[in-house]
Protein chains: 2
Amino acid sequence: MRYAPIPMVPGPTFVPGRVLAAMARDYGSGQIEADFLALYERVGKKLAALSGSTSDVVLMSGEGMLALWAGLKSCLRPGDGVVSVGTGVFGDGVADMALTLGCKVEKVSLPYDSTIGMGDSLQRIEDAIGRLRPVMLTAVHCETPSGTLNPLPDLAEMKQRLRVPLLYVDAVASMGGVPVEADRMGIDLLLGGSQKCLSAPPSMSIVAVSETAWDHMKRAGYQGYDSLLPFRTVQADGRCPYTPYWHGVAALEAALDLIEEEGPAAVFARHEAVAAQCRAGLRRLGIGVFPHRDAVQSPTVTAALVPEGFTWQGWRAALRQGGLIVSGSFGPMAGKVFRLGHMGVQADAALMDKALAVMAAALDAGPA
Amino acid sequence: MRYAPIPMVPGPTFVPGRVLAAMARDYGSGQIEADFLALYERVGKKLAALSGSTSDVVLMSGEGMLALWAGLKSCLRPGDGVVSVGTGVFGDGVADMALTLGCKVEKVSLPYDSTIGMGDSLQRIEDAIGRLRPVMLTAVHCETPSGTLNPLPDLAEMKQRLRVPLLYVDAVASMGGVPVEADRMGIDLLLGGSQKCLSAPPSMSIVAVSETAWDHMKRAGYQGYDSLLPFRTVQADGRCPYTPYWHGVAALEAALDLIEEEGPAAVFARHEAVAAQCRAGLRRLGIGVFPHRDAVQSPTVTAALVPEGFTWQGWRAALRQGGLIVSGSFGPMAGKVFRLGHMGVQADAALMDKALAVMAAALDAGPA
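Because the structure is predicted, anything quoted here is derived from the model rather than measured.

Novice: Even after reading the chapter, I still don't get the overall build of chain A, so can you show me in this structure?
Specialist: Summing up its helical and strand segments, chain A has 12 helices and 13 strands in all. Here the C-alpha radius of gyration of chain A, 20 Å, is about what a compact globule of 368 residues would show, namely 21 Å. The principal-axis extent of the C-alpha atoms belonging to chain A is close to 60 × 55 × 35 Å. With 368 residues in all, chain A has 63% of them scored as buried. Restricting the contact set of chain A to residue pairs at least 6 apart, pairs at least 24 apart contribute 74%. Carbon together with sulfur atoms contributes 53% to the accessible area of chain A, which is approximately 12,900 Å² in total. Where the 32 positive side-chain charges of chain A centre and where its 36 negative ones centre are 2 Å apart.

Following this line, the structure appears as structure tokens:
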């Protein structure tokens, strides 16, 4: 039974039965069973393939934020230069995280309704790289609070041309719903989470690590729960740095198998189609979207404007009464923007029809 | 179905059906549902009651090592003094972790087969505190690799008399299997994990935080995935610092309910009884134990000596052939010590009978 009748939160999504079933089994100790090591390797390879990556994939026990911190702390030393590109709350948040490590950070903060490539954004990024000569360039692929998807090719080109050692990309809300093409984009730290487009529970953190990134980790010598380096030798050591979460990795594999069976291309197309269905439906209802008309909207999440006459609280309550659970947004969008997460198993045309019907009824009823 | 016929690893234990069933359900987003906030609070209170604590309990998504790092990094600043008491791999490991934070550390490293109070251990600890005037005193309650349980009253007395601000106790392998009496012992950071005596999967990290510890966290201002401070205001904020793992917290509650139904006193007595059964059985088989005869053996785990004539690999294989899964040990005990984890649901007389029978048969058959 589903917790919510019409779940449309942009992660955690509802979790399909086969994934839940993989969690409801007894497993041994992941530290001593060869079965677990084989599972760990298999899941890493499946995630890499899904993301267009040939890097090593690290699976850590924890929520997606663990991947974000791990990528920064494992590679960076105080004084290292970081250029962060922000088109939203998470993009600018990475800069704030790097600042706590004592890094020299240039924050290229772009409008939160825009995506990379608009206006003078590329020039500003290039200028920042020229000034700082950073060790790392950071960006967020899908900026969930804004409902946008940042195109990565220009960053990839700049990284190579301007010889930035490390490209760090938060793909938590795109991995598995959108082609990421990590190798083609030259991504050194590709960060993912289990509860977004993969539709597993929020228990696993994913980092695909390039050879260059491993080298930086060796130099940085960082230690902590979120240190990636000890995961480099999981197979050789025959064990993880701490007792791994077998149930969580098994759930991830079940989720990846569902994607594999449908076919990644079909999965990506389904996300595109349901996103288009969502936006056409909102247009018919007279509900605006938050992203600028020149921005790329994400196939995984739509950030829409709370309809006129409604407060966010009132709108949320009206939708919930109809069984539809949506999210609000953060920072400058709080109270003005609501979000529909059509990612993973929630990229479902029938579910979206129901969601649109609830919104239509709420508009008809009007503010309380 | 159990993964192992006779599971006797000192965590992760096998997971009872009711706990697995709590994971196999669909939940909503822990960031927006009042149901989750209520669950989070309830589970924290149950853990506190079980541990004799009135502190706030933080539940983080991750393995027990997350709690260990979180307690140190959240409170300590470079230059802070730390006196670490080690009677085993984990106790000395805490000192090494504190060193990476730039702390001044005095490591009181005692024999790995001993427990606190033996020999001149108390004098050495007192001397170290006198020399360093530390911010924090650290100890491990159950030292799993050694199969010992450190008595805490003398440390508690010393902490109070010598005015050490913070007492940090790793209770990962004792919480739920042994009375911890956190308040009576003056523990400021009580660290636990879900997969040991609680018999939930290895997905949740537990820290009971005293008011003094919260104050130190405010001064330290640490930021990271393992920063405890943001959890102080979960109920007031109506949200966790990151998407919480509802399935994991629900599993923990199911595990705690099993303990509550049996009654904590009965659970602790069951651990004592099965530990005694284990040791009497080993004695009959002529298998020695690792801890010194004056040390306190843990009711949750027995560290035994690999029988003469067997290598650790050969002994492990012989037991596994009989369906019994045990662990080896670490550091100086590696290859010499094997461990039987009779913690949580594995503190079971019938299971222990089976384990002893397998060991008897393996001894009869002799080394391969």
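After that view, the rundown keeps rolling.
Novice: Hey, could you run me through the interface of chain A and chain B in this one?
Specialist: Accessible area lost when the parts come together is the quantity often used to give the size of an interface. In this assembly, 46 residues from chain A lie in contact with 46 residues from chain B. By the criterion of area lost to chain B, the three top residues of chain A are Y3, D26 and Y225 of chain A, representing 20% of everything that side buries. The interface formed by chain A and chain B holds two salt bridges in total. Here R320 of chain A ties to E33 of chain B by a salt bridge, and the two come within 2.9 Å at their closest N and O atoms. Taken together, the links from chain A to chain B amount to 15 residue pairs in polar contact (both at pLDDT 80 or more). Contributions of two or more residues to the side of chain A that touches chain B are made by helix 1 (17-23), helix 3 (64-75) and helix 9 (246-262) of chain A. The element that contributes the greatest number of residues to the side of chain A that touches chain B is helix 3 of chain A, accounting for four residues.

Novice: What exactly am I supposed to notice about the environment of D183 of chain B here?
Specialist: All names here are of chain B. In this structure, D183 sits in the loop between strand 8 (166-170) and strand 9 (189-193). Judged by its relative accessible area of 36%, D183 is partly exposed. When the C-alpha atoms of D183 and P332 are compared, they prove to be 34 Å apart, with 149 residues separating the residues in sequence. Sequence-distant contacts of D183, that is, excluding residues within four places in its chain, are made with G52, S53, T54 and S55.

Novice: How should the relation of the copies chain A and chain B be read in this particular structure?
Specialist: Two chain copies here: they are related by a rotation about an axis and a translation along the same axis. When chain A is fitted to chain B, the residual RMSD is 0.0 Å, and the transformation amounts to a turn of 180° plus an axial shift of 0.0 Å. Here the transformation between the copies is reduced to the relation of a two-fold axis. By C-alpha distance to the rotation axis, the residue of chain A lying nearest is G62 of chain A, at 2.3 Å. Both copies contact each other with a shared surface, as 100% of the interface residues of chain A are interface residues in chain B too.

Novice: Please explain the sheet that holds strand 10 (residues 204-209) of chain A as it appears in this structure.
Specialist: Within a sheet, neighbouring strands are paired by backbone hydrogen bonds and run either parallel or antiparallel to one another. Residues and elements named next belong to chain A. Taken in spatial order, the seven strands line up as 2-10-9-8-5-3-4 in an open sheet, and their pairing is mixed. The sheet is open, and its two borders are formed by strand 2 (56-61) and strand 4 (104-109), each paired with just one other strand. The average undirected angle you get between the axes of adjacent strands in this sheet is 20°. Strand direction decides the pairing type here: strand 3 (residues 81-86) and strand 4, joined by six bridges, are parallel. Its bridge partner lying in strand 4, V85 is registered against V108. Here helix 7 (residues 211-220) sits on the sheet and contacts strand 2, strand 8 (166-170), strand 9 (189-193) and strand 10; the angle it forms with strand 10, its principal contact strand, is near 100°.

Novice: Explanation requested: the pairing of strand 10 of chain A in the structure shown.
Specialist: A regular strand places its side chains so that they alternate between the two faces of the sheet. All names here are of chain A. Judged by how many residues are buried, strand 10 sits mostly within the fold: six of six residues are covered. Taking every second residue as pointing to the same face, both faces of strand 10 are buried, with M204, I206 and A208 on one and S205, V207 and V209 on the other. Relative to strand 10, strand 2 runs antiparallel, the two sharing six bridges. Within strand 10, the residue paired with M60 across the bridge is S205.

Novice: Is there a simple way to think about the packing of aromatic side chains in this case?
Specialist: The description of an aromatic ring pair uses the distance of the two centres, along with the angle that the planes make with each other. What the rule picks out here adds up to 19 aromatic pairs over all chains. With a centroid separation of 6.4 Å and 90° between ring planes, the pair formed by F90 of chain B and F330 of chain B is classed as edge-to-face. A residue pair is termed long-range when its members are at least 10 positions apart, and F90 of chain B in helix 4 (residues 89-100) and F330 of chain B in the loop between strand 12 (324-325) and strand 13 (337-341) qualify at 240 residues. F90 of chain B sits in the partly exposed class, given a relative accessible area of 28%. Residue F330 of chain B is classed as partly exposed on the basis of its relative accessible area of 25%. When the centroid spacing of 5.5 Å and the interplanar angle of 65° are considered together, the rings of W315 of chain B and F338 of chain B count as edge-to-face. Note that W315 of chain B is positioned in helix 11 (residues 312-321) and F338 of chain B in strand 13, a separation of 23 residues in sequence. Residue classification places W315 of chain B among the buried positions, given a relative accessible area of 0%. F338 of chain B sits in the buried class, given a relative accessible area of 0%. Each residue in the set Y3 of chain A together with Y27, F36, Y40 and W246 of chain B is aromatic and connected to the rest through ring pairs, giving one cluster. The lysine or arginine in question, R2 of chain A, covers the ring of F14 of chain A, its NZ or CZ lying 3.7 Å from the ring centre.

Novice: Would you explain helix 6 (residues 153-161) of chain B in this entry?
Specialist: Residues separated by three or four positions in an α-helix point in the same direction, a consequence of the helix having 3.6 residues per turn. Residues and elements named next belong to chain B. Among all positions of helix 6, only L155, A156, M158 and K159 are buried. Taken end-on, helix 6 shows its buried residues confined to a sector of 165°, consistent with a single buried face. Tucked into the core, helix 6 has its buried residues touching strand 3 (81-86), helix 5 (121-132), strand 5 (136-140) and strand 8. Phi for R163, located one or two positions after helix 6, is positive at around 55°.

Novice: So what exactly am I meant to see when it comes to the pattern of salt bridges here?
Specialist: Pairing between side chains of opposite charge can happen when their charged atoms approach one another. In the structure shown here, the tally under the stated rule is 32 salt bridges over all chains. Residues R18 of chain B and E261 of chain B are paired through a salt bridge, measuring 2.8 Å at the closest nitrogen-oxygen approach. With a gap of 243 residues between them, R18 of chain B in helix 1 (residues 17-23) and E261 of chain B in helix 9 (residues 246-262) connect regions that are remote in the sequence. A single network of salt bridges, built from pairs that share partners, joins R42, K46, E253 and D257 of chain A.

Novice: Explanation requested: the packing of helix 3 (residues 64-75) of chain B against helix 4 of chain B in the structure shown.
Specialist: When two helices pack together, their arrangement is given by the angle between their axes and by how far apart the axes lie. Residue and element names in this part refer to chain B. Put simply, helix 3 and helix 4 touch, their axes get as near as 10 Å, and they point 50° apart. The angle between the axes of helix 3 and helix 4 places the two elements in the oblique class. Judged by the sense of rotation from one axis to the other, the crossing of helix 3 with helix 4 is right-handed. On the side of helix 3, the interface is formed by M65, L68, W69 and L72, while helix 4 contributes F90, V94, M97, A98 and T100. Taken together, the residues of the contact of helix 3 with helix 4 break down into eight nonpolar, one polar and no charged.

Novice: Could you clarify how one ought to interpret the side chain of T148 of chain B in this entry?
Specialist: Examined against the element boundaries, T148 of chain B turns out to sit in strand 7 (residues 148-149). Since its relative accessible area comes to 0%, T148 of chain B is described here as buried.

Novice: Teacher, can you tell me more about the packing of helix 5 of chain B against helix 6 of chain B here?
Specialist: All names here are of chain B. Where helix 5 meets helix 6, the axes come as close as 11 Å, and the angle between the chain directions of the two elements is 25°. Considering their axes alone, helix 5 and helix 6 lie roughly parallel with respect to each other. As helix 5 runs across helix 6, the sense of the crossing is right-handed. The residues of helix 6 that touch helix 5, namely those facing L122, I125, E126 and I129, are D154, L155, M158 and R161. In the contact of helix 5 with helix 6, the residues fall into five nonpolar, no polar and three charged.

The rules behind the values
- Residues numbered from 1 in each chain as written.
- Chains lettered and ligands numbered in written order.
- Predicted model: local features only at pLDDT ≥ 70, side-chain atom pairs only at ≥ 80, totals over all residues.
- Heavy atoms only, no water.
- Helix = DSSP H or I, 4+ residues; strand = E, 2+ residues; numbered from the N terminus.
- Rg over C-alpha atoms; globule rule 2.2 N^0.38 Å.
- Buried < 20%, exposed > 50% of the residue type's maximum accessible area, 1.4 Å probe, protein only.
- Contact = heavy atoms within 4.5 Å.
- Areas by Shrake-Rupley, 256 points an atom, 1.4 Å probe, with all protein chains shown as cover.
- Lys, Arg positive; Asp, Glu negative; His and termini not counted.
- Charge placed at Lys NZ, Arg CZ, Asp CG, Glu CD.
- Buried area = accessible area lost by both parts, 1.4 Å probe.
- Salt bridge = Lys/Arg side-chain N within 4 Å of Asp/Glu carboxyl O.
- Polar contact = N/O pair within 3.5 Å; in protein donor to acceptor, adjacent residues only side chain to side chain.
- Least-squares fit on C-alpha atoms with pLDDT ≥ 70 in both.
- Pairing = 2+ DSSP bridges.
- Axes fitted to C-alpha atoms, helices over the stretch in contact; angles between N-to-C directions.
- Phe/Tyr/Trp six-rings, centres within 6.5 Å; stacked < 30°, edge-to-face > 60°.
- Lys NZ or Arg CZ within 6 Å of the ring centre and 35° of its normal.
- Arc of directions from axis to C-beta.
- Parallel < 35°, antiparallel > 145°, perpendicular 65-115°, else oblique.
- Left-handed = near helix turned anticlockwise from the far one by under 90°.
- Nonpolar A, V, L, I, M, F, W, Y, C, P; charged D, E, K, R; others polar.

Shape descriptors only; they carry no functional weight alone.
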